[in-house]
Structures are given as C-alpha cells and as structure tokens.
Amino acid sequence: MADLNTDVRYIRGVGETRARALQKLGIFTLRDLIGYFPRRYEDRTLTRPIRELAVGETVCVRAMLASDPTAHRISGGRTVVKARAVDESEALELTFFNQEYRKNSLHRGDTYIFCGKVEGNLLVRRMTNPIVETEGRQTLTGRVVPIYPLTAGVSQGLLYKAVEQGLAECRHLLSDCLPDSVRQAHSLCHSGFAYENIHFPRSPEALDLARRRLVFEELFLLTCGLQRLRCRRRDVSGPACHGADMEKFYGKLPFPLTGAQKRAIGEAVADMVSGRPMNRLCQGDVGSGKTMVAAACVWFAAQSGWQSALMAPTEILARQHYESLGPLLGKFGLRCALLTGSARAKERRDILAGLASGEIDLCIGTHALLTADVTYQRLGLVITDEQHRFGVDQRAALGQKAENPHMLVLSATPIPRTLALIIYGDLDVSVMDELPPGRQKVDTFAVDESYRRRINKFIRKQVAQGHQVFIVCPLVGQEDQIPDERKAAAAYAKKLREEVFPDLRVCLLHGKMKPKEKETVMEAFAAGNGDILVATTVIEVGVDVPNATCMVVENAERFGLSQLHQLRGRVGRGQAKSYCILLSEHPSEETKRRLKVMTKTNDGFEISREDLAIRGPGDFFGQRQHGLPALKIADLSCDMRLLDEAQAAARDWLAADPELSAPESRELRQRIETLFAVNAEGLN
Ligand code: ADP
Ligand code: MG
C-alpha cells in the first residue's frame, strides 16, 4: 500500500463495487476511510439470557438452533426464512427477510450468537434480520463495535471490514501531524492509537483518549489553516492609510465613546494603516454603538482620501443610517449620499456623478451599491451592517469597484470570540462587550396563557401613554405542515383588529410581503402611524422605533434565546421604560428554564453562551457562509473548552513558526494544505 491517498478500491476486500458504494459516503481514499468516524458504539461484549430480554433493546444472545430453517415466498417476490433458537432460559423466534441463503447456512443443533433488536411480547420474543455469528469467529459481536452513519448500499459490516482492513494496511503510515511538544503539553495520545481506538475502542478510557486527541487535532488544524489564510491575505496590499489623530474625531461627538467602541476603532485603524486590507468583523450587542465604529472608520479612511460605502440589508435601515451619519459626518466636512433602488433617475444620476468624481465621501445604500453602473473614484472602505457575510458573488461584484478594499462587517449576533473565529473563518474579530452608559434594562417576563387578559390590559396602558407595541405573532400550522406565514399572520392580525383591540391601530408585517411593502409598513409605524405592529420575525433586523416600549412574543418557546434577544432589542431604544413579555402556552420545564435566562439578563454574550450550552452551535453554523471545512468529529456544543485549548496552542505554534517551515511542522503543513485545498474556493 503506497500511501494514505491511495484509492480505497485497492484495499484488500474492497474492490470496484464496494469502492463505488463507499464513494457515496464521501470516502475515496484510505485517509477518508480511516477518517470516517463512527456515530456511536454498541457494547456487544456480553450475551444475555433470552428470558431477561426486554422488548425494544438491542442485545446479543448465545443460542442453539432448535429447528430447521424454513423458507417461504411472500408478496413482492420477497422471501422469508424462519427459525427458532433456544438457550437454557427461553426460545427466540428468528425471521430473515430476503436472506434465502440462511436456509442452508444455519444448522439445527449448532450454537450461534444472534444480535439484534428484541421484538414481540412477554410470551414470544423475536428478532428480525439479526446479525448471526459463530463463536470464535466473531467480528461484529463479542466486543464494543462502532456504528457508522450509512447510506443505501453500504452496510455496517462492509464499512467495518473496510475500516479494519484499511487500518491494518496504513498503520505504519500514520505519522503524527501534531508536533510532539504540542501533543505532550496537552496530554494527547499518538495518532495511531487514536485512529485504532476511535474505530475499535479497547476500553471506554481508550475511546475518550482517542476522541480527545482527534477533536483537538481537528480544531488545531482548522485554526492553523484559518490563521494562515489571514496571513496570506496580508500578502496583498490594501488602500494605504496614514495615521490620523482620532481625538479630532472623538472631540466633536455628542457623547464620549465607550471603552469597547474605542478598542474596536483602534483595532480597525491598526488594520487600515497596516498596508494590508482590513477584513474585520465587529460584533456587539444591539445598542452597543456599532454605527459609531463605522463612522470613525469612514472618517479615518477619508483622512487619507478614500471613499467609503456602507451597505445595509434593507432600504429603511439604509435610510436610518443616512439620517444619523449624514449630519454627524457633515460636521467634519464629509459628504454622504443615500443610494437605494427607489432613488429617482435624476437623483441617482447626481449621486453616481458624485461618486465617480470623488465628491461624495460615503455612500450608504442597499445592494444597489453594487450594481454595474456605480463607479467610485477611490473606494477604500466597504462596511456591511447586520449581515453575516458577503456572499461570494457580492464580493466579486465589489471586486469590480475597488481592488482589495478594507472591509468591516458589523454584526449584532453576539457569540463567543472563539466560536466567531471559526464561523467567520478568515475575518479578524472585534468584540464590543459593553453598552453605552445609562442604558435601561428591558424588563422581561416569561408567562403562560393565564396572563392573557393582563397582558392585553398592559398593552392598552402602554398605548394610552402614547407608546407603541410590537407583537411577534405565532406561526402555528396544522400538524406536520409548514405554516403558511401569510395566512397565519393575517388571521392573527384580523383577530386582534376585530376582537381584541378594535379601537387601536393594528398594522401587519410578515415575511411574505414584498420588500417595498414591508418598508412602507415599517416606515409608517416608525413615524407613529400605528399603535401595534403585528409581525412575524422580520422585525429582527435592526430597525429603530424609539417610541416602541413593549414587545410581546407569542409561542416564545419556538425561538432560540439568541433570536429572542435580537427581537427584544427592538424595544428599549428610547427614554421610556420598556418591557418584553414572552408568552408560552404549556411551558415544559426545559422551556421554563430557557425563558428564565431571558428574564435574568440583558447581556447578549451571556445569553448566547446559555444558548450554546442548551442547544449547541448548530444554529450559528446554519447561518454561516459555507466554504470552511466541515467539522467531522468536534462537537462545539460540548467541546468548547477543547476549542479554546486548541486555538491557543495553534496561535502559539504559528507565532513560533509562522511559515510552518520547521521540520516538526512539515506534516502539519501538509495536512492543512490538503484540508484547505478542497475548500479554498469559498475562502478566497
Ligand atoms: P448598534 O450597535 O445596535 O448598531 P447603534 O450604533 O445604533 O447600536 O447605537 C445605538 C444608540 O446608542 C444610538 O442612538 C447611538 O447614538 C447611541 N450611542 C452610541 N454610542 C454611544 C455612547 N458611547 N454613548 C451614548 N450613546 C451612544
Ligand atoms: Mg446597528
């Protein structure tokens, strides 16, 4: 066997047909094969007396065949072979579908190990299609066996044997990609031991050791790879910026900046003077003042003569930015423009001319900023707000407008830095974990249906005081059916209008509306035309309605904590005391516990940590831009500590050997290159 990149078909006992089956699982090479990890394990070391078996459990029994197997044809051309086996305690009925050969391979009077799920009842116990092995020739029984994720045409047995054979052939090839010193410092086992025991654990302890090592390795490789990508980016040059006295900017602001704001600005400024393009994510809770960070960067870039573009996901958000940033930057003699899809032709022409001539310093808008006819004289900084990441196509579009501009992404999804580094891959991360002083806490209550009347009374009271209310409406469909958002929202709003609040102005916003319609509704509401805004979750995006003081969330149990936190961020933006009411009809203990977190804290980072602990990071990963290597073994809901450890180790290692040119880094470097070669497309 040549090396780990050898095609699996050359592994003894695999061959063409099986290799094709394995390919369906993404297994092409020997390395893929031994890197195909079990989903779980079954302890089949012991056999149990038939009498003691409970229906539903999966077990092994040692029993003697007590009858000659019989074969019958049944409907659909299938065959069924039946037999009966006994041990000292009881009998077991055996049924095999489409395994006609069992008729001749099972012999009355012989003893076998049968392994399968127990069916039947107290009187008769049965197994359907059990594994059958003979003592002394056991592979799938008599030990702890790995259970692999499968696909059609690939059985556990096939995989099991292929992996076993694969391991045997490559045992001597498994060199260790982790440098010895790293392995020792973190008490990790050797890679050979790890691969052996992750597939065929010798003991529970050995399995733990193996898993720990492989998780660490995966996270270490990923971190090293990402860090190297960041470095590689440093090989191109970004728009040149020279230092400027930030105090000149700070001095004219209406308020002193928070420490977190200054830190984030400092990090961005350092990026921009580095000569390399900035690629930074600034993440901070709603209301942490990310707009100011953007403003400071725009001002800073302008000091070196660069234009900036600020992209918001919706027109209304773009307009809100324009209204706050325009006057602010105006104080410094900078000119802003608002460019959205709905700009009139003349207006649009003027803006385009201003951008091309360099007269406009900051252009705020939606994706309209990227359309073909928009050209900039000297675009140096691109900021995107409330968006997780630029899509690849948008990056390409942007590439037409400027060469390697500085990029700043503002995100209101607070997640731990370690996780952000993985999810956002090649972005550097600034965390804003501090709110401007004097922020009021939004009082939050988690209640059940019995509070309905009191809630309605409370809503009236808020409206009577001149405030506005958001109600996030439930989306409940028939069982097993995806609810029709439009219908559900309309029906709910109708009920509120006609039965509950006939005297109030109830507006409706839902995700199936056209963007234009949404904006019209949102704008009218923001302008005070409406007392209650019924919405599906579309209001999640950072719209500012300072007069809204109350948010009611129906079916709160359906939302993740981070999502609830985002929703809650829509209130508490003005002077008045604000409230958030989380309604849940029949809260389970689990739901109660989750919602209680919301009533206890307003800190987005704390909430996201809880959310992670409860639900795992799946949801965060759901939103990420693909292109990163998928995690095969690490599970970030329980491996967070190991993630910290691996990231720290990776940073240290790269600090000492940034080019991975030392002999101890050779294997590591190769592994990273293989890992990222496949995924490089999405990351560049
Ligand atoms: P977000 O991070 O959610 O985008 P914004 O930038 O919209 O937050 O800021 C929220 C509000 O806080 C705005 O009204 C802004 O003027 C105000 N603000 C920002 N920074 C400060 C500060 N350092 N001190 C006081 N108020 C601030
Ligand atoms: Mg914002």
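To start, this report covers the structure provided alongside it. The model shown is predicted, which means the values in this text are computed figures rather than measured ones.

Definitions and limits used
- Residues numbered from 1 in each chain as written.
- Chains lettered and ligands numbered in written order.
- Predicted model: local features only at pLDDT ≥ 70, side-chain atom pairs only at ≥ 80, totals over all residues.
- Heavy atoms only, no water.
- Phe/Tyr/Trp six-rings, centres within 6.5 Å; stacked < 30°, edge-to-face > 60°.
- Helix = DSSP H or I, 4+ residues; strand = E, 2+ residues; numbered from the N terminus.
- Buried < 20%, exposed > 50% of the residue type's maximum accessible area, 1.4 Å probe, protein only.
- Lys NZ or Arg CZ within 6 Å of the ring centre and 35° of its normal.
- Pairing = 2+ DSSP bridges.
- Patch = residues over 30% accessible without salt bridge, like charges linked within 9 Å, V, L, I, M, F, W, Y side chains within 5 Å.
- Areas by Shrake-Rupley, 256 points an atom, 1.4 Å probe, with all protein chains shown as cover.
- Salt bridge = Lys/Arg side-chain N within 4 Å of Asp/Glu carboxyl O.
- Near = heavy atom within 4 Å.
- Polar contact = N/O pair within 3.5 Å; in protein donor to acceptor, adjacent residues only side chain to side chain.
- Nonpolar A, V, L, I, M, F, W, Y, C, P; charged D, E, K, R; others polar.
- Lys, Arg positive; Asp, Glu negative; His and termini not counted.
- Charge placed at Lys NZ, Arg CZ, Asp CG, Glu CD.
- Expected span 1.5 Å × (residues − 1).
- Contact = heavy atoms within 4.5 Å.
- Axes fitted to C-alpha atoms, helices over the stretch in contact; angles between N-to-C directions.

Per the stated rule, a full pass over the model turns up eleven aromatic pairs. With 6.2 Å between their ring centres and 25 degrees between their planes, tyrosine 36 and tyrosine 148 make a pair best called stacked. Residue tyrosine 36 is found in the loop between helix H2 (30-34) and strand E1 (40-43), and its partner tyrosine 148 is found in the loop between strand E10 (144-147) and helix H4 (156-170); the two are separated by 112 residues along the sequence. For the pair tyrosine 36 and tyrosine 148, one class covers both residues: buried. When the ring of tyrosine 112 is compared with that of phenylalanine 114, the centres are 5.8 Å apart and the planes differ by 55 degrees; the resulting orientation is tilted. Taking the relative accessible area as the measure of exposure, phenylalanine 114 reaches 0% and is therefore buried. Within the aromatic cluster, the residues linked to one another by ring pairs are Phe249, Tyr250, Trp299 and Phe332. Stacked on the ring of tryptophan 306, the Lys or Arg arginine 378 has its end atom at 3.9 Å from the ring centre.

Another aspect to go through is the pairing of strand E16 (residues 406-411). Of all six residues in E16, six are buried; the element is thus mostly enclosed. Burial along E16 is two-sided: the residues His406, Leu408 and Leu410 and Met407, Val409 and Ser411 are all buried. Pairing geometry for strand E11 (residues 279-284) and E16, over five bridges, is parallel. Looking across to E16, one finds that cysteine 282 is bridged to leucine 410. Taken together, the five bridges between strand E15 (residues 379-385) and E16 define a ladder with parallel strand orientation. Paired with leucine 381 across the strands is histidine 406, a residue of E16.

Further remarks concern a nonpolar patch on the surface. The grouping of Leu122, Leu123 and Val124 at the surface amounts to a nonpolar patch, some 360 Å² of accessible area in total. Along the chain, leucine 122 falls in the loop between strand E7 (119-120) and strand E8 (125-128). Overall, the relative accessible area of 74% leaves leucine 122 in the exposed class.

Neighbouring residues of ligand 1: 14 residues in total, closest Gln261, Gly287, Lys290, Thr291 and Arg439. Between ligand 1 and lysine 290, the relevant distance is 2.8 Å, taken from an oxygen atom to a side-chain nitrogen or oxygen of the residue. Here ligand 1 loses 73% of its free accessible area of 560 Å² to cover by the protein chains. Residue classes in the shell around ligand 1 are distributed as five nonpolar, six polar and three charged.

Our next topic: a positive patch on the surface. A surface patch of positive charge is lined by Arg453, Arg454, Lys457 and Lys461. If you trace the backbone, arginine 453 turns up in helix H15 (residues 452-464).

This part covers the environment of isoleucine 316. Position of isoleucine 316 relative to the elements: it lies in helix H11 (residues 315-330). With relative accessibility at 7%, the residue isoleucine 316 sits in the buried group. The spatial distance from the C-alpha of isoleucine 316 to the C-alpha of glutamine 563 is 21 Å, given a sequence separation of 247 residues.

To continue, consider H4. For H4, which comprises 15 residues, the first-to-last C-alpha distance of 21 Å matches the rise-based estimate of 21 Å (1.5 Å per residue) to within 8%. For H4, the tally of buried residues reaches eleven of 15 residues, placing the bulk of the element in the interior. Listed as buried for H4 are Gly157, Leu158, Leu159, Tyr160, Ala162, Val163, Gln165, Gly166, Leu167, Glu169 and Cys170. The inward-facing, buried residues of H4 abut helix H1 (15-23), H2, E10 and helix H6 (191-199).

Below, the discussion takes up the sheet that holds strand E18 (residues 443-447). One open sheet accounts for six strands, arranged E18-E23-E22-E19-E21-E20; its pairing is parallel. Pairing within the sheet leaves two strands with one partner each, and these edge strands are E18 and strand E20 (506-509). Pairwise comparison of adjacent strand axes, ignoring direction, gives a mean angle of 15 degrees for this sheet. The strands touched by helix H16 (residues 485-500) are strand E19 (468-472), E20 and strand E21 (532-535); relative to E20, the strand with the most contacts, the crossing angle is about 175 degrees.

This is a description of form; function is not addressed.
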